[in-house]
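# Chains, contacts and geometry: an overview
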Amino acid sequence: MHDLDELRLAIAGCRKCRDAPDGGPERRMPHEPRPVPVISSTARVLIASQAPGMKAHQSGLTFNDASGDRLREWLGVDRETFYDRDRFAIVPMGFCFPGYDAEGHDLPPRRECAPLWRATVMAAMPQIELILVIGQYAQAWHMRDHRQKTMTDTVKNWRATFFANDIFPRVLPLPHPSWRNTGWLKRNPWFEAEVLPVLRKEVERMIA
């Protein structure tokens, strides 16, 4: 199924995590799913993230929060450009907000989602030239053997994948832009100094 309108409708109607969850009824999604991926026939840049948060669930816009503000700053784009699906596709590993754990943190992406949808979605967007791979779950799926033991090592090794001749679309691993990673950014100033200029230059070229 590669007709994008049909694919979008099928994803919007998906309720597997609620009605037939992996692991049995006790693993049921605790709220009504609201898939929020942005699938495009023209965008050259794919933002492959983890899972939407509560604000995205409420608004229907992924990265509609402080994490999104930081990500847009990293990319060097404004909100209007970011949400222009002719320029950016945004496909998290889990399409819906997964809920909170006992400590009030977002749960990991639902494990039903990627096996069910991701290969189909990627096949439907053959024009993608650059995948921005945000966080460990997206890195595990998109980078496979090129992923390092830790997220930090994976991002530090960004040149090996970004400049590899045998990887297409090209892949650029990024940390999650969550405020929870502010400490990580302070401890790793090389990210802002080395990675962000390359990221912004590539994004500017591809969305022009």
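Below is a short write-up of the structure. Treat the numbers as computed from the prediction; the structure is a model and nothing was measured.

Looking now at the sheet that holds strand S4 (residues 170-174). Here 4 strands make up an open sheet; going across it, the order is S2-S1-S3-S4 and the pairing parallel. Two strands bound the open sheet, and with one partner strand each, they are strand S2 (88-90) and S4. Direction aside, neighbouring strands of the sheet carry axes that sit 20 degrees apart on average. Pairing of strand S1 (residues 45-48) with S2, which is carried by 3 bridges, proceeds in the parallel orientation. Its bridge partner being in S2, leucine 46 is matched across the sheet by alanine 89.

To continue, consider helix H1 (residues 4-12). The set of residues buried in H1 consists of Leu4, Leu7 and Ile11. An end-on view of H1 places all buried positions within 60 degrees of arc, on one side of the element. Between a side-chain oxygen at the N-terminus of H1 and the backbone nitrogen of aspartate 5 the separation is 3.2 Å; the capping residue is aspartate 3.

Attention now goes to empty space enclosed by the protein. Over the atoms rolls a probe the size of a water molecule, and its path tells where empty space is left. Taken as a whole and assessed by the stated rule, the structure comprises 1 cavity of 30 Å³ or more. For the largest cavity, the lining is made up of 15 residues, of which Cys14, Cys17, Cys96, Cys113 and Trp117 are closest to its centre. Going through the elements one at a time, helix H2 (16-19) and helix H6 (113-123) are the ones with two or more residues in the lining of the largest cavity. Per element, the largest residue contribution to the lining of the largest cavity is 3 residues, and it comes from H6. Residues that form the lining of the largest cavity fall into these classes: 10 nonpolar, 1 polar and 4 charged.

Attention shifts here to the packing of aromatic side chains. If you walk through the whole model with that rule in mind, you get 11 aromatic pairs. By way of ring pairs, the aromatic residues Phe63, Phe82, Tyr83 and Phe88 are connected into one cluster. Of note, arginine 144 hangs over the ring of tryptophan 141, and the distance from its end group to the ring centre comes to 4.7 Å.

Once that is clear, we can look at the layout of surface pockets. Empty space within the largest pocket amounts to approximately 840 Å³. Elements with a minimum of two residues in the lining of the largest pocket: helix H3 (54-59), helix H4 (66-75) and helix H7 (135-143). Element by element, the count of residues in the lining of the largest pocket is highest for H7, at 3 residues. Of the residues belonging to the lining of the largest pocket, the class tally is 13 nonpolar, 12 polar and 4 charged.

Our next topic: the nonpolar core. Ranked by internal contacts, the top residues of the largest apolar core, which has 30 residues, are Leu7, Leu46, Phe95, Val121 and Met125. The element best represented in this core is H6, accounting for 5 residues. The contact partners of leucine 46, leaving out residues within four places of it in the chain, are Ala89, Ile90, Val91, Met122, Met125, Ile128, Leu130, Ile131 and Leu132. Formed by 29 residues, the second largest nonpolar core is a distinct cluster that contains Phe88, Ile90, Ile134 and Phe162.

It is worth spelling out the pattern of salt bridges at this point. Scanning all chains against the criterion turns up 12 salt bridges. Between arginine 8 and aspartate 5 there is a salt bridge; the shortest N-O distance is 3.1 Å. Remark: aspartate 5 and arginine 8 occur in helix H1; sequence separation between them is 3 residues, near one turn of the helix. Ionic pairing is found between arginine 87 and aspartate 84, a salt bridge with its closest N-O pair at 3.8 Å. In this structure aspartate 84 comes out as partly exposed when scored by relative accessible area, which is 25%. Several salt bridges converge on common partners, so that one network encompasses Arg15, Arg18, Asp19 and Glu32.

Criteria and thresholds
Residues numbered from 1 in each chain as written. Predicted model: local features only at pLDDT ≥ 70, side-chain atom pairs only at ≥ 80, totals over all residues. Heavy atoms only, no water. Pairing = 2+ DSSP bridges. Helix = DSSP H or I, 4+ residues; strand = E, 2+ residues; numbered from the N terminus. Axes fitted to C-alpha atoms, helices over the stretch in contact; angles between N-to-C directions. Buried < 20%, exposed > 50% of the residue type's maximum accessible area, 1.4 Å probe, protein only. Arc of directions from axis to C-beta. Polar contact = N/O pair within 3.5 Å; in protein donor to acceptor, adjacent residues only side chain to side chain. 1 Å grid on protein atoms, 1.4 Å probe; cavity = no way out; pocket = protein on both sides within 12 Å on 5 of 7 lines; lining within 4 Å. Points joined across faces, edges and corners; volume = space filled by probe spheres on them. Nonpolar A, V, L, I, M, F, W, Y, C, P; charged D, E, K, R; others polar. Phe/Tyr/Trp six-rings, centres within 6.5 Å; stacked < 30°, edge-to-face > 60°. Lys NZ or Arg CZ within 6 Å of the ring centre and 35° of its normal. Core = buried A, V, L, I, M, F, W, Y, C linked by side-chain atoms within 4.5 Å. Contact = heavy atoms within 4.5 Å. Salt bridge = Lys/Arg side-chain N within 4 Å of Asp/Glu carboxyl O.

Function-wise, these values are silent; they only describe arrangement.
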